[in-house]
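Chain by chain, the residues run as shown.
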Amino acid sequence: MITVLIAYNNDENEKCGHFFEDCATDIRNHCLTHGVDVQLLTPPDLTEEKFSKQAGTSQICYIASHGSPNSVVNEKGEDFISTNTANYSLNGQCFFSVSCHCAKELKDALFRIGLKLFVGYNNTYTFFPNCDEFTQSANSGLKAFIEGMSVAQMKEYIYAEYDRLYKVLDKKSAIMADALLDNKEAIIVEGEDTLTINDLV
């Protein structure tokens, strides 16, 4: 049985908390609809120790929290995944992140310890509140992977979804559509093209 660890910052004082929670809830519902188990990790338990423990019993990690080139942080600004933390629980795993900049040094560090797949952003991730197109685009990759697409198919699907949602948003707001396009240009998908969720069982 595949298990997805969904770790997200929904702290009441976090200005992006509603977006992070919307993304996480959307993924949780998709997992349960497709018979995939989920584990949830939120503040105040969003720590390096607890993340590492729960990641060790999952095959896929989904993160919605603030990031930097070398880390993802919790509600206190503390690293719970970084180039300086022990990430061996991610060996053999897949990592999806809605976090700014983490597809840089952090991505490379995770591959060095045996990560199989990384999907995340190498620049600032921008969203607008109450705009479902940002949630849909951010989650399109993991949803496709859960449904059985290979990494190569998933990558094509992500770009196609961004293009489709760009056209939808462009009719509402050019500013929001441009932000979505910036996110598309920042997304990084790295892993073996033939890898599918069935390879994780």
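Just above sits the structure.
These remarks concern the structure in this document. (Residues numbered from 1 in each chain as written. Predicted model: local features only at pLDDT ≥ 70, side-chain atom pairs only at ≥ 80, totals over all residues. Heavy atoms only, no water.)

Next up on the list: the overall build of the chain. When helices and strands are tallied, the chain shows 6 helices and 9 strands. The C-alpha atoms of the chain give 15 Å as radius of gyration, which agrees with the globular expectation for 201 residues (17 Å, within 12%). Its C-alpha atoms put the chain at 45 × 40 × 30 Å along the principal axes. For the chain, buried positions account for 51% of its 201 residues. Taking the contacts inside the chain whose residues are at least 6 apart along the sequence as the reference set, 69% of them involve residues at least 24 apart. Carbon and sulfur atoms form 45% of the exposed surface of the chain, whose accessible area is close to 9300 Å². (Helix = DSSP H or I, 4+ residues; strand = E, 2+ residues; numbered from the N terminus. Rg over C-alpha atoms; globule rule 2.2 N^0.38 Å. Buried < 20%, exposed > 50% of the residue type's maximum accessible area, 1.4 Å probe, protein only. Contact = heavy atoms within 4.5 Å. Areas by Shrake-Rupley, 256 points an atom, 1.4 Å probe, with all protein chains shown as cover.)

As a further point, take unusual backbone geometry. Across the junction of P43 and P44, the peptide omega takes the value 5°, indicating a cis bond. By secondary structure assignment, the location of P44 is in the loop between β2 (37-41) and α2 (48-55). Positive phi, close to 65°, is recorded for H101, a residue that is not glycine. Along the chain, H101 falls in the loop between β7 (94-98) and α3 (105-112). Here N130, not a glycine, exhibits a phi torsion of approximately 60°, which is positive.

Time to look at the sheet that holds β7. Ordered in space as β2-β1-β3-β7-β8-β9, the 6 strands form an open sheet in which the pairing is mixed. This sheet does not close on itself; its edge strands, each paired only once, are β2 and β9 (187-191). Neighbour to neighbour, the strand axes of the sheet diverge by 15° on average, direction disregarded. Pairing geometry for strand β1 (residues 3-8) and strand β3 (residues 60-64), over 5 bridges, is parallel. Bridge pairing in β3 places A7 opposite I63. In the packing of helix α5 (residues 151-170) onto the sheet, the strands contacted are β7, β8 (117-121) and β9, and the crossing angle to β9 comes to about 170°. Together, β8 and β9 form the strand contacts of helix α6 (residues 174-186), whose direction differs from that of β9 by roughly 25°. (Pairing = 2+ DSSP bridges. Axes fitted to C-alpha atoms, helices over the stretch in contact; angles between N-to-C directions.)

This brings us to the packing of aromatic side chains. Aromatic ring pairs are defined here through the distance separating the ring centres and the angle between the ring planes. For the structure shown, the criterion picks out 8 aromatic pairs. When the centroid spacing of 5.8 Å and the interplanar angle of 25° are considered together, the rings of F19 and Y125 count as stacked. Of the two residues, F19 is situated in helix α1 (residues 17-33) and Y125 in the loop between β8 and α4 (132-146); the sequence distance between them amounts to 106 residues. Measuring from ring centre to ring centre gives 4.9 Å for Y121 and Y125, while their planes differ by 70°; the resulting arrangement is edge-to-face. Each of the two residues, Y121 as well as Y125, counts as buried. Taken together, the ring pairs in this structure connect F19, F20, Y121, Y125 and F127 into an aromatic cluster. (Phe/Tyr/Trp six-rings, centres within 6.5 Å; stacked < 30°, edge-to-face > 60°.)

The next subject is the state of the cysteines. Tallied over the full model, the rule gives 0 disulfides. Its sulfur unpaired, C16 is 7.9 Å from the next cysteine sulfur, which belongs to C100. Unpaired in this structure, C23 has its nearest cysteine sulfur neighbour in C16, at a distance of 10 Å. (Disulfide = S-S within 2.5 Å.)

F19 sits in the buried class, given a relative accessible area of 6%. Setting aside residues no more than four positions away along its own chain, F19 makes contact with V98, Y125, F127, F134 and T135.

Within the fold, F134 resides in helix α4. Residues F134 and Y162 lie 28 residues apart in sequence; the distance between their C-alpha atoms is 9.1 Å. Discounting chain neighbours no more than four positions away, the residues touching F134 are F19, Y125, T126, F127, F128, L169, M176, A179, L180 and N183.

As a packed pair, α4 and α6 sit with axes 11 Å apart at the nearest point and diverge in direction by 15°. If you check the angle between α4 and α6, you find them roughly parallel. Remark: the crossing between α4 and α6 carries right-handed chirality. Contacts from E133, F134 and S137 in α4 reach M176, A179, L180 and N183 in α6. Split by residue class, the contact of α4 with α6 holds 4 nonpolar, 2 polar and 1 charged. (Parallel < 35°, antiparallel > 145°, perpendicular 65-115°, else oblique. Left-handed = near helix turned anticlockwise from the far one by under 90°. Nonpolar A, V, L, I, M, F, W, Y, C, P; charged D, E, K, R; others polar.)

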